[in-house]
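Spelled out, the chains give:
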4 protein chains.
Amino acid sequence: MNLKAVVEDTDTRTGRIFNLAIQALIVLSLVSFCIETLPALSSISRKILYVIEAVTVAIFTVEYALRFYVADSRIRFVFSFYGLIDLFAILPFYISTGVDLRSIRVFRMLRLFRIFKLLRYGKAIQRFRDAFIDIKEELVVLFTATALAIYVASVGIYYFESAVQPDKFGSVFHCMWWAIVTLTTVGYGDAFPITLGGRLFTGLILVVGLGLIAVPSGLFASALAKADRD
Amino acid sequence: MNLKAVVEDTDTRTGRIFNLAIQALIVLSLVSFCIETLPALSSISRKILYVIEAVTVAIFTVEYALRFYVADSRIRFVFSFYGLIDLFAILPFYISTGVDLRSIRVFRMLRLFRIFKLLRYGKAIQRFRDAFIDIKEELVVLFTATALAIYVASVGIYYFESAVQPDKFGSVFHCMWWAIVTLTTVGYGDAFPITLGGRLFTGLILVVGLGLIAVPSGLFASALAKADRD
Amino acid sequence: MNLKAVVEDTDTRTGRIFNLAIQALIVLSLVSFCIETLPALSSISRKILYVIEAVTVAIFTVEYALRFYVADSRIRFVFSFYGLIDLFAILPFYISTGVDLRSIRVFRMLRLFRIFKLLRYGKAIQRFRDAFIDIKEELVVLFTATALAIYVASVGIYYFESAVQPDKFGSVFHCMWWAIVTLTTVGYGDAFPITLGGRLFTGLILVVGLGLIAVPSGLFASALAKADRD
Amino acid sequence: MNLKAVVEDTDTRTGRIFNLAIQALIVLSLVSFCIETLPALSSISRKILYVIEAVTVAIFTVEYALRFYVADSRIRFVFSFYGLIDLFAILPFYISTGVDLRSIRVFRMLRLFRIFKLLRYGKAIQRFRDAFIDIKEELVVLFTATALAIYVASVGIYYFESAVQPDKFGSVFHCMWWAIVTLTTVGYGDAFPITLGGRLFTGLILVVGLGLIAVPSGLFASALAKADRD
């Protein structure tokens with residue numbers, strides 16, 4: 001029987017159906033995970049969610065066994081990137097039922113790794129990888145520059161605002177939160193300078209630092225357009 | 001009589017005048033719709049607005065009848081994209097006068113479809129369509145990545161903030177609202193992390209996720225510049 | 001005497017000095033205008049500011065007279081773009097001293113037109129003009145699309161939030177303020193949706209509308225880079 | 001002994017190790033500086049931080065002496081950009097121990113100059129420099145335009161809001177703070193227009209001014225992509 005073609009191949013009809021079904025199941029498990037966190041959930045809802053969880057994990061376990069069975073090199077599959085992610089997606093369920101039930105929640109965070117499974121089945125992603133590799137050096141420089149800008153902004157605002165607003169700008173670490181929220185232009189409004197010096201400094205930092213933070217996306221878009229042309 | 005040239009053709013002088021007049025009427029009806037929602041509106045104002053509404057709908061009805069009359073294939077016109085929109089623009093008025101008057105408001109939302117009529121008369125739009133088709137695949141990947149970023153951000157912040165701020169980060173769905181408002185850098189300030197872990201996580205998510213959200217517009221601008229050159 | 005070379009020519013040494021001095025004076029008058037608005041200003045400060053104002057206007061008047069005198073066609077200078085701006089920059093001062101002193105403030109707004117004088121002396125501006133002309137059509141489409149996005153967002157949020165928050169989303173016009181503040185990602189936090197429907201709608205509008213608003217700058221940057229290459 | 005190769009050369013193995021160690025030490029001193037600002041710090045922590053400070057400054061002093069010793073022209077090294085920065089990085093420590101201990105904090109701000117040391121060892125930075133030089137003229141025009149936009153926005157909002165909100169829009173300088181926070185889309189929410197005129201004006205300014213502020217980063221990204229290609 002051509003089991004390998006069904007599990008690993010996404011070009012054949014049965015292979016596509018199998019893999020699309022797995023993807024749908026991953027989305028279902030991600031959604032049910034969100035619903036579980038709703039505060040006022042009836043006992044019956046909790047039971048339904050548990051059944052969904054058990055069934056999806058069961059199917060994922062069968063899928064993992066199949067992938068393990070059809071792999072050319074089984075040992076390499078287990079320690080491959082996707083092999084480990086597939087394992088992490090089902091392991092928390094079995095561990096949690098054996099030990100404490102409360103600790104499940106933390107382990108379930110690993111469920112998110114199933115997302116990478118979804119990303120596996122995409123061809124345009126190659127172009128993103130090419131664009132990313134193309135500008136890797138520039139991104140490193142830009143992220144360093146951004147980190148330095150946040151540091152300078154934090155230290156600067158600390159000198160201007162720490163005396164007047166000790167609860168919000170009490171240490172350079174407090175100021176870093178402000179610097180990130182400001183330089184990304186999120187601006188929640190939970191912390192902002194009120195002294196004249198602090199406001200002048202913020203204006204200066206914004207004019208210089210803002211451009212810096214917007215450059216990576218522009219550069220990536222440019223590299224992506226180039227990868228598309230090639 | 002060359003009625004077809006007047007209604008469908010935007011190259012002849014009379015055709016241009018006819019279609020520009022219809023466009024002006026659409027804008028008028030959209031503005032009057034806004035004015036209707038003003039809370040303290042005098043009885044006389046309401047009457048004037050109703051007259052405007054009745055007159056525009058009457059003209060749109062005549063226009064629809066003309067378009068139906070001059071169409072090469074009448075059945076195809078009725079079920080075409082613009083044929084349906086033209087119908088939806090006038091239908092709510094007639095339905096509402098027959099049934100309940102309160103329910104008009106909800107149906108009037110459909111009036112907005114008249115906007116597409118305005119968009120019909122533009123030539124540069126073709127270039128936008130070309131640019132859009134050019135980067136369709138990349139947009140799908142980017143929107144998937146954005147959706148995943150919002151999911152990861154929501155689950156992550158839930159673990160850090162749900163215990164401390166149960167009213168604002170009570171479930172992953174509550175956290176999704178925060179994630180969207182934060183990653184789009186709107187930052188209303190109605191919900192923001194206050195724990196150290198939550199703030200570190202937000203900083204991390206912002207540095208990674210922000211670039212992601214800005215890439216589509218950069219890519220589209222690049223594709224549009226390319227479509228302009230060709 | 002070669003007065004024309006001094007006033008109109010920015011290539012000769014004296015011409016450069018004259019025009020740079022005028023520019024410095026414009027900046028001075030703009031700064032002094034800001035200082036005048038400070039609430040607690042001593043009587044002596046007010047007098048100094050008035051002297052600065054009187055002196056700068058006197059110099060600008062002499063400058064205007066000189067430009068008028070050396071112009072090839074005096075009638076064309078008076079009605080030229082910069083001729084009118086030069087006149088508007090000095091006229092309010094003379095009018096205000098004749099009539100009421102309170103009304104000066106409103107007229108002084110025109111002083112801002114002096115800024116265009118500053119812009120006159122720049123060569124790189126031509127490239128900006130080329131880039132702007134290059135993408136004019138696209139900008140018209142994008143601004144129309146943005147206006148429509150704001151309209152759709154305003155009407156949509158009105159249906160979701162007007163009943164719950166009548167003070168903030170009381171009419172479509174109120175909602176437009178929210179739509180502009182949200183779609184530009186400013187997000188003051190004075191108005192934000194609190195209903196589930198309103199939040200879902202906001203998320204949807206943000207994902208679609210945000211890209212739209214960022215495209216013009218990307219397109220302009222691209223056209224500017226192209227103008228630089230040519 | 002080939003001391004010069006170790007200190008100045010980053011191509012040899014020992015040279016790389018030496019310079020990487022110095023970089024690690026700079027990061028350590030920057031982090032310890034942040035920790036020092038934490039409000040509730042135990043006496044023992046303060047002592048540890050002082051020891052770290054003393055040791056790093058001692059190593060930096062030795063490093064400075066070495067760089068001075070191996071320099072081709074010692075007088076040129078002392079007055080070179082990096083020579084001065086290296087001196088500023090260690091000087092405050094020695095000055096502070098001689099005079100008052102409180103005033104250290106202000107001088108320590110100079111420590112941040114050590115960051116430039118980090119930037120010295122990067123090759124991709126050359127491309128950033130090329131891109132920056134390539135668009136220098138455009139950046140000057142854009143920063144002037146941004147400054148004018150902020151000025152116009154400030155004066156405009158002053159006329160609309162100063163009478164209604166004198167505490168937040170009391171002078172054009174107060175309005176400038178609002179203009180910077182708004183045009184950079186940070187939008188803390190500490191000051192926003194509440195009059196109809198002020199809101200219409202803000203909407204107008206945002207549509208025009210926002211694009212302006214986003215252009216520099218797009219332009220820089222474009223120039224960087226070009227520098228990468230060359």
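Everything numeric here is computed off the predicted structure, so don't read it as measured data.

**What to know about the overall build of chain A**
Link 1 in the chain: Scanning chain A for helices and strands turns up 11 helices and 0 strands.
Link 2 in the chain: The linear arrangement of helices and strands in chain A, starting from the amino end, is α-α-α-α-α-α-α-α-α-α-α.
Link 3 in the chain: For chain A, with 230 residues in total, the buried portion stands at 47%.
Link 4 in the chain: Here the analysis covers contacts within chain A between residues at least 6 apart in sequence; of these, 65% occur between residues at least 24 apart.

**A short note on the relation of the copies chain A and chain D**
Link 1 in the chain: Expressed as a screw operation, the relation of chain A to chain D combines 0.0 Å of axial shift with a rotation of 90 degrees, fitting to an RMSD of 0.1 Å. Both copies are brought into coincidence by an operation consistent with a four-fold rotation axis.
Link 2 in the chain: With a heterologous cut-off of 20% or less, the 10% of interface residues of chain A that recur at the interface of chain D puts this contact in the heterologous class.

**A closer look at a nonpolar patch on the surface**
All names here are of chain B.
Link 1 in the chain: Together, Ile75, Phe79, Leu84, Phe88, Leu91 and Ile95 make up an exposed nonpolar region whose accessible area comes to about 560 Å².
Link 2 in the chain: The dominant element in the nonpolar patch, judged by the number of residues it contributes, is helix H5 (residues 81-98), at 4 residues.
Link 3 in the chain: Checked against the element boundaries, Leu84 lands in helix H5.

**Regarding the packing of aromatic side chains**
Link 1 in the chain: Applying the stated rule across the entire model yields 28 aromatic pairs over all chains.
Link 2 in the chain: Ring geometry for Tyr188(A) against Phe192(B): centres 5.7 Å apart, planes inclined by 35 degrees, an arrangement best described as tilted. Taken together, the residues span two chains, with Tyr188(A) in the loop between helix H10 (172-183) and helix H11 (196-229) and Phe192(B) in the loop between helix H10 (172-183) and helix H11 (196-229).
Link 3 in the chain: Taking relative accessible area as the criterion, Tyr188(A) reaches 3% and is therefore assigned buried.
Link 4 in the chain: Ring centres of Tyr64(D) and Phe77(D) lie 5.6 Å apart, and the angle between their planes is 40 degrees; on these two criteria the pair is classed as tilted. Note that Tyr64(D) is positioned in helix H3 (residues 43-70) and Phe77(D) in helix H4 (residues 74-78), a separation of 13 residues in sequence.
Link 5 in the chain: A residue is classified by how much of its surface remains accessible, and Tyr64(D), at 13% relative accessible area, is buried.
Link 6 in the chain: You can call Phe77(D) buried: its relative accessible area is 12%.
Link 7 in the chain: What links up through ring pairs into an aromatic cluster is the set Trp177(A), Tyr188(A) and Phe192(B).

**Some details on a positive patch on the surface**
Link 1 in the chain: On the surface, Arg229(A), Arg229(B), Arg229(C) and Arg229(D) cluster together into a patch of positive charge.
Link 2 in the chain: Along the polypeptide, Arg229(C) turns up in helix H11 (residues 196-229).
Link 3 in the chain: Looking at Arg229(C), the relative accessible area reads 54%, which means it is exposed.

Procedures and definitions
Residues numbered from 1 in each chain as written. Chains lettered and ligands numbered in written order. Predicted model: local features only at pLDDT ≥ 70, side-chain atom pairs only at ≥ 80, totals over all residues. Heavy atoms only, no water. Helix = DSSP H or I, 4+ residues; strand = E, 2+ residues; numbered from the N terminus. Buried < 20%, exposed > 50% of the residue type's maximum accessible area, 1.4 Å probe, protein only. Contact = heavy atoms within 4.5 Å. Least-squares fit on C-alpha atoms with pLDDT ≥ 70 in both. Patch = residues over 30% accessible without salt bridge, like charges linked within 9 Å, V, L, I, M, F, W, Y side chains within 5 Å. Areas by Shrake-Rupley, 256 points an atom, 1.4 Å probe, with all protein chains shown as cover. Salt bridge = Lys/Arg side-chain N within 4 Å of Asp/Glu carboxyl O. Phe/Tyr/Trp six-rings, centres within 6.5 Å; stacked < 30°, edge-to-face > 60°. Lys, Arg positive; Asp, Glu negative; His and termini not counted. Charge placed at Lys NZ, Arg CZ, Asp CG, Glu CD.

Interpretation note: all reported values are geometric properties and have no functional meaning in isolation.
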